[in-house]
Amino acid sequence: MKQLKKIITSIGVGLIAIVLLFPLYWMVITSILPSSVVLSQKPPLLPPLSEVNFDAYKSVLIRAPIFTCLVNSLVITVGSAVLSMVIATLAGYSLSRFRTRGQLAIGFFLLVNRMLPGTLLVIPLFIMFNQAQLLNNPASVMLANITAIVPFTTWMMKGFFDGIPYQLEEAAMVDGCSQLGSMMRVIMPLTAPGLAATSIYSAILAWSDFLFSRTLLTTPEKWTMTIGTVSFIGEHMIDWSSLMAIGVISVVPMLILFVFLEPFLVSGMTSGSVKS
């Protein structure tokens, strides 16, 4: 009975994985097939080998400043994620360990701020960055991304800190550590899964940003991958193969990040913290 239940569960998980991964599979198929095949009345589920070609990738590498966009996106994503993680970690620790009315009010304000749409924030941010002469500067997009990332990541980190017993810090402070020292030496290693999950969330939001990048970056030399992708959508037609090719290329860095951080996601949060 247990074996049958395990088989049924595995089949169910496999079917869900197929459904979730099918858009990525179709994006890859579209990038290696001519548009005439993909847009036919009965597009093939499995690509015919005679029609497979990589001309779309060559076109993307030649026509579009793909490497410039890739580097710009990497710089903005790393900067946004790192700054957001520093702020969210300190803010989340503060909300978790110091319970005052002021702290709760700030936490509630952050949560409400996360509910505001980006279209409501982009105009005042544009005016502020224009007065500060930061338009067409990656720093402006980083700061704009932080306003969208920090509110939710702060509450994510607060949840992870809440799950770590405060007695561990008290024991460290008895041994001579300060509050900050106990946080850095005892608590932070135990929040590795939380840091990994929050980092992935921050990186994905920064990498996929279009609104702030399109508004604050005005020249092609500063474009990110999202803006470079939209450049393949013409007024009268869409180059689907090239569009999907640059889409595949833009997904690769996030896949690499997930593979790199995956061991931290599956590890126990307080594994090894208390031993008998």
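The coordinates are above.
Residues numbered from 1 in each chain as written. Predicted model: local features only at pLDDT ≥ 70, side-chain atom pairs only at ≥ 80, totals over all residues. Heavy atoms only, no water.

Caption draft 1: Structural detail: helix α8 (residues 166–174). Along α8, the positions that sit buried rather than exposed are Leu168, Glu169 and Ala172. Angular distribution of buried residues about the axis of α8 spans 95 degrees; they occupy a single face of the element. Exposed residues lying more than 90 degrees from the buried face of α8 are Gln167 and Val174. Buried positions along α8 lie against α4 (66–97) and α9 (179–190). The first or second residue beyond α8 is glycine 176, which carries a positive phi of 115 degrees. (Buried < 20%, exposed > 50% of the residue type's maximum accessible area, 1.4 Å probe, protein only. Helix = DSSP H or I, 4+ residues; strand = E, 2+ residues; numbered from the N terminus. Arc of directions from axis to C-beta. Contact = heavy atoms within 4.5 Å.)

Caption draft 2: View of the packing of aromatic side chains. Counted under the stated rule, the structure contains six aromatic pairs. Ring geometry for tyrosine 93 versus phenylalanine 98: centroids 6.4 Å apart, planes at 80 degrees, classification edge-to-face. In this structure tyrosine 93 comes out as buried when scored by relative accessible area, which is 5%. The exposure class of phenylalanine 98 is partly exposed, given its relative accessible area of 38%. Relative to phenylalanine 161, the ring of tyrosine 93 lies with its centre 5.5 Å away and its plane at 85 degrees, an arrangement referred to as edge-to-face. Of this pair, tyrosine 93 sits in helix α4 while phenylalanine 161 sits in helix α7 (residues 138–162), and the two are 68 residues apart along the sequence. What makes phenylalanine 161 buried here is its relative accessible area of 0%. Here a set of aromatic residues connected by ring pairs shows up, and it is made of Phe22, Tyr25 and Trp26. (Phe/Tyr/Trp six-rings, centres within 6.5 Å; stacked < 30°, edge-to-face > 60°.)

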